[in-house]
Amino acid sequence: MDNLGIAAASGLQSRMTSLDMLANNLANSNTVGFKSDREFYGTFASDDAQNGVDGGSGASLPVIQKQWTDFSPGTIETTGSPLDVAIAGKGFFVVSGPKGPLYTRAGHFKVMPNGELANDNGYAVRSPSGGNITIPAGKTINITKEGQVQADGAAIGQIDVVDFKSTEPLQKAGQSCFENSDPKNQTTQVTNPDLQQGKLEGSNVPVAYAAMRLVSIMRQFEMLQKAVGVSSEMDTKSITDVARVGN
Amino acid sequence: MIRALYSAASGMTAQQLNVDNIANNLANANTAGYKERRAQFQDLLYQNIVQPGAAASQQTTVPSGLQLGMGTRSSSNEIIFTQGNFSQTDNPLDIVIQGNGFFQVRRAQGDLAYTRDGSFQVDKDGNLVTSDGNVIEPQITIPSNAQSVTVAPDGTVSYMQPGQSVATKAGQIQIANFQNPAGLNSLGHNLYQPTDATGAATLGTPGGQEGLGTLLQGYTEQSNVSIVQEFINLIIAQRAYEANSKVVKAADDMYQQVNNLKQ
């Protein structure tokens, strides 16, 4: 195959990955605390191209190199449930996952049978000291903007809210949680996280924009498909016409 | 690309469940003591296509990887125990709990169940029962010749008998609470059953030390379903379903084009 065909096929492949990502975003358009993913196109450069040799087959190709997660805030929805907490500013809640701390913006908490405050999956919500928060039964729970948990007005714990120097090493762990893949990327305490009790942060997937992306991906796919067709036609021509011997 | 089909399908399934849940809330908008449920979703696991830190060339490494999500799933639909509105009935045996707590009743099978529906009646033996005939626990018995029944905020039930000037005490209604009421299991008929997630019921007198609510006679508690909110949720769910079905269509179209690449 010639360069045109290979480049177009690589483009088709990456549009498919784009659609995979878009499908996941749209499927999670109602998931609390979900942050949408975007692809990051890059160019694959072969060793020949890197060493300055020109014209090698498939010297540089468009590929999806990585994705980046859009950490912009989602819309804050009122639920009225006292154990729903939204972070209006920056930061993440820290929960104790099975393999270490997980970070999440989904503040949909519940009380475990042993009284511990935990997220949907039963992972305990951590306080700044690393401990858990125990909720006494039958008390009115109040959560202040600073993250202090009060039962009938008396302080019983503090919800930890942390931020990172860089959000780039954060990997999605599923269940609306993130894990920190780079131990050098240390957490910093958010002193005034502006927590909102009785509210949840919705998904930040821009649905209208996603619909537009869907059309654009499909049309690009169509164009690339045409390009593959042209390339194949040219190959046919060169085989049947150019290389024709005699009549 | 098969991923896109499955992710979109998971989104459609989740939204379908969301609509089912909204439909049940709306159907129970007039059920006394009904508490709405809200569906919650979570994203599924991610496939790591490119690991962060993998070698990009001989000298460089990839700073952040490529993760592709696999769609969504519905994680729970918890019960929202906010107070419903009170409607006045003037029936002396209609009792509401102002605040936390549940009435404890014994079902015909013999096990205990809990309810917020305080529209009580008296059965043939004079016991205070729910509209399904479940006896309140501990039992309260009111004789047939009792004239006026009074329920005090602390649950004390008393009645007057003909020819007497002093009220007779029939008993005290106890209400129960749970560590985590959102984990209760709905049995239908406005009844809830405790689970491992709720912890054991703690029984106490209304308005007592355990943060329990007080009782109010002559009212029923309406459902806490907000019809406006449910309709907004319905619109959101329907549009999200539509968006996901568009992705299925797009993935299908793209597949068709791939299949037509070879003429």
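Check the entry above for the structure.
Residues numbered from 1 in each chain as written. Chains lettered and ligands numbered in written order. Predicted model: local features only at pLDDT ≥ 70, side-chain atom pairs only at ≥ 80, totals over all residues. Heavy atoms only, no water.

Participant: Help me understand the overall build of chain B, please; the structure alone is not making it clear to me.
Facilitator: Across its full length, chain B holds 2 helices and 20 strands. Computed over its C-alpha atoms, the radius of gyration of chain B comes to 27 Å, more than 25% above the 18 Å expected for a compact globule of 263 residues. Each principal axis of the C-alpha atoms in chain B carries an extent, and together these give about 100 × 40 × 30 Å. Taking all 263 residues of chain B together, the buried fraction comes to 43%. Long-range pairs, those at least 24 residues apart, make up 62% of the contacts in chain B with a sequence separation of at least 6. As displayed, chain B offers around 12600 Å² of accessible surface, 50% of which is attributable to carbon and sulfur atoms. Put simply, chain B has 14 plus and 20 minus side-chain charges, and the middle of one group is 10 Å from the middle of the other. (Helix = DSSP H or I, 4+ residues; strand = E, 2+ residues; numbered from the N terminus. Rg over C-alpha atoms; globule rule 2.2 N^0.38 Å. Buried < 20%, exposed > 50% of the residue type's maximum accessible area, 1.4 Å probe, protein only. Contact = heavy atoms within 4.5 Å. Areas by Shrake-Rupley, 256 points an atom, 1.4 Å probe, with all protein chains shown as cover. Lys, Arg positive; Asp, Glu negative; His and termini not counted. Charge placed at Lys NZ, Arg CZ, Asp CG, Glu CD.)

Participant: Would you mind going over a nonpolar patch on the surface with me for this structure?
Facilitator: Residues and elements named next belong to chain A. Residues Leu4, Val230 and Met234 make up a contiguous nonpolar surface patch of roughly 250 Å² in combined accessible area. The topology assignment puts Val230 in helix 3 (residues 207–242). On the accessibility criterion, Val230 (41% relative accessible area) is partly exposed. (Patch = residues over 30% accessible without salt bridge, like charges linked within 9 Å, V, L, I, M, F, W, Y side chains within 5 Å. Salt bridge = Lys/Arg side-chain N within 4 Å of Asp/Glu carboxyl O.)

Participant: Would you explain the interface of chain B and chain A in this entry?
Facilitator: It is common to report an interface's size as the accessible area lost on association of the parts. Across the boundary between the two partners, chain B contributes 61 residues, which contact 55 residues of chain A. Summed over both sides, the interface of chain B with chain A buries roughly 4600 Å², with 55% coming from carbon and sulfur. Contact with chain A buries surface across chain B, with B:Gln67, B:Gln179 and B:Met254 losing the most and accounting together for 14% of the total. Joining chain B to chain A, the criterion identifies 2 salt bridges. Taken together, the connections running from chain B to chain A amount to 18 residue pairs in polar contact (both at pLDDT 80 or more). Counting only elements with at least two residues in the side of chain B that touches chain A, the list comes to helix 1 (2–27), strand 1 (37–43), strand 2 (46–50), strand 3 (66–69), strand 4 (72–79) and helix 2 (227–260) of chain B. Here the residues of the side of chain B that touches chain A sort into 25 nonpolar, 27 polar and 9 charged. (Buried area = accessible area lost by both parts, 1.4 Å probe. Polar contact = N/O pair within 3.5 Å; in protein donor to acceptor, adjacent residues only side chain to side chain. Nonpolar A, V, L, I, M, F, W, Y, C, P; charged D, E, K, R; others polar.)

Participant: Would you mind showing me how to read the packing of helix 1 (residues 3–27) of chain A against helix 3 of chain A here?
Facilitator: Residues and elements named next belong to chain A. Look at helix 1 against helix 3: their axes get within 9 Å of each other, and the N-to-C directions meet at 160 degrees. The orientation of helix 1 relative to helix 3 falls into the category roughly antiparallel. The way helix 1 lies across helix 3 gives a crossing that is left-handed. Along the lines of polarity and charge, the residues of the contact of helix 1 with helix 3 split into 17 nonpolar, 6 polar and 2 charged. (Axes fitted to C-alpha atoms, helices over the stretch in contact; angles between N-to-C directions. Parallel < 35°, antiparallel > 145°, perpendicular 65-115°, else oblique. Left-handed = near helix turned anticlockwise from the far one by under 90°.)

Participant: Looking at this model, I keep getting lost on the sheet that holds strand 14 (residues 168–172) of chain B. Mind explaining?
Facilitator: Picture the strands of a sheet paired through backbone hydrogen bonds; they go either parallel or antiparallel. All names here are of chain B. Ordered by their spatial adjacency, 3 strands build an open sheet running 12-13-14, and the pairing between neighbours is antiparallel. For this open sheet the edge positions go to strand 12 (149–151) and strand 14, each flanked by a neighbour on one side alone. The sheet shows a mean angle of 20 degrees between the axes of neighbouring strands, taken without regard to direction. Where strand 12 lies against strand 13 (residues 156–159), 3 bridges are found, and the strand directions are antiparallel. When the bridges of strand 13 are listed, Val151 appears paired with Val157. (Pairing = 2+ DSSP bridges.)

Participant: Honestly, the sheet that holds strand 10 (residues 148–151) of chain A in this entry has me stumped. Any pointers?
Facilitator: Residues and elements named next belong to chain A. Pairing in this open sheet of 3 strands is antiparallel, and the strands run 9-10-11 from one edge to the other. Only two strands of the sheet have a single partner each, and these edge strands are strand 9 (141–143) and strand 11 (154–158). Going across the sheet, the axis of each strand differs from the next one's by a mean of 30 degrees, ignoring polarity. Pairing analysis gives 3 bridges linking strand 9 to strand 10, with the strands arranged antiparallel.

Participant: Help me understand the packing of helix 1 of chain A against helix 1 of chain B, please; the structure alone is not making it clear to me.
Facilitator: Between two packed helices, what matters for the description is the angle formed by their axes and the separation of those axes. Remark: helix 1 of chain A packs on helix 1 of chain B, axes separated minimally by 8 Å, with the N-to-C direction vectors making an angle of 5 degrees. As the angle between them shows, helix 1 of chain A and helix 1 of chain B are arranged roughly parallel. Across the interface between the two elements, A:Leu19, A:Asp20, A:Ala23, A:Asn24 and A:Ala27 from helix 1 of chain A touch B:Arg3, B:Ala4, B:Ser7, B:Ala8, B:Ser10 and B:Gly11 from helix 1 of chain B. Of the residues that constitute the contact of helix 1 of chain A with helix 1 of chain B, the class distribution is 5 nonpolar, 4 polar and 2 charged.

Participant: Help me out: how do you make sense of empty space enclosed by the protein in this one?
Facilitator: Picture a little ball the size of a water molecule; that probe, rolled over the atoms, points out where space is still empty. Applying the stated criterion to the full structure yields 1 cavity of 30 Å³ or more. Of the voids in this model, the largest cavity is the one considered here, and its volume is about 90 Å³. Surrounding the largest cavity, A:Val32, A:Thr104, A:Ala106, A:His108, A:Asn119, A:Asp120, A:Gln175, A:Ser176, B:Gln40, B:Phe41 and B:Gln42 form its lining. In terms of residue count, the dominant contributor to the lining of the largest cavity is strand 1 of chain B (3 residues). Residues of the lining of the largest cavity, tallied by class, amount to 3 nonpolar, 7 polar and 1 charged. (1 Å grid on protein atoms, 1.4 Å probe; cavity = no way out; pocket = protein on both sides within 12 Å on 5 of 7 lines; lining within 4 Å. Points joined across faces, edges and corners; volume = space filled by probe spheres on them.)

Participant: Help me out: how do you make sense of the environment of B:Asn259 in this one?
Facilitator: Within the element layout of this structure, B:Asn259 appears in helix 2. Remark: the alpha-carbon pair of B:Asn259 and B:Gln16, spanning 243 residues in sequence, is separated by 31 Å.

Participant: Sorry if this is basic, but what is going on with the layout of surface pockets here?
Facilitator: By volume, the largest pocket is sized at about 870 Å³. Within the residue set of the lining of the largest pocket, elements represented by two or more residues are strand 3 (76–78) of chain A together with helix 1, strand 1 and helix 2 of chain B. The biggest single contributor to the lining of the largest pocket is helix 2 of chain B, with 9 residues. When grouped by side-chain class, the residues that make up the lining of the largest pocket number 13 nonpolar, 18 polar and 6 charged.

Participant: Before we go on, may I ask you to explain the pattern of salt bridges in this structure?
Facilitator: Close approach of charged atoms allows side chains with opposite charge to pair. Residue and element names in this part refer to chain A. As enumerated under the stated definition, the model contains 18 salt bridges over all chains in all. Between Asp163 and Lys90 there is a salt bridge, and its shortest N-O distance comes to 3.9 Å. With a gap of 73 residues between them, Asp163 in strand 12 (residues 161–164) and Lys90 in the loop between strand 4 (85–87) and strand 5 (92–97) connect regions that are remote in the sequence. On the basis of relative accessible area, Lys90 is assigned to the exposed category, the value being 63%.

Participant: Looking at this structure, I do not really get helix 2 of chain B. What am I missing?
Facilitator: In an α-helix, one turn spans 3.6 residues, which is why side chains three or four residues apart end up on the same side. Across its 34 residues, helix 2 of chain B extends 49 Å between first and last C-alpha, which sits within 8% of the 50 Å expected from 1.5 Å per residue. The secondary structure elements touched by the buried residues of helix 2 of chain B are helix 1 and helix 3 of chain A together with helix 1 of chain B. (Expected span 1.5 Å × (residues − 1).)

Scope: geometric values only; no functional claims are made or implied.
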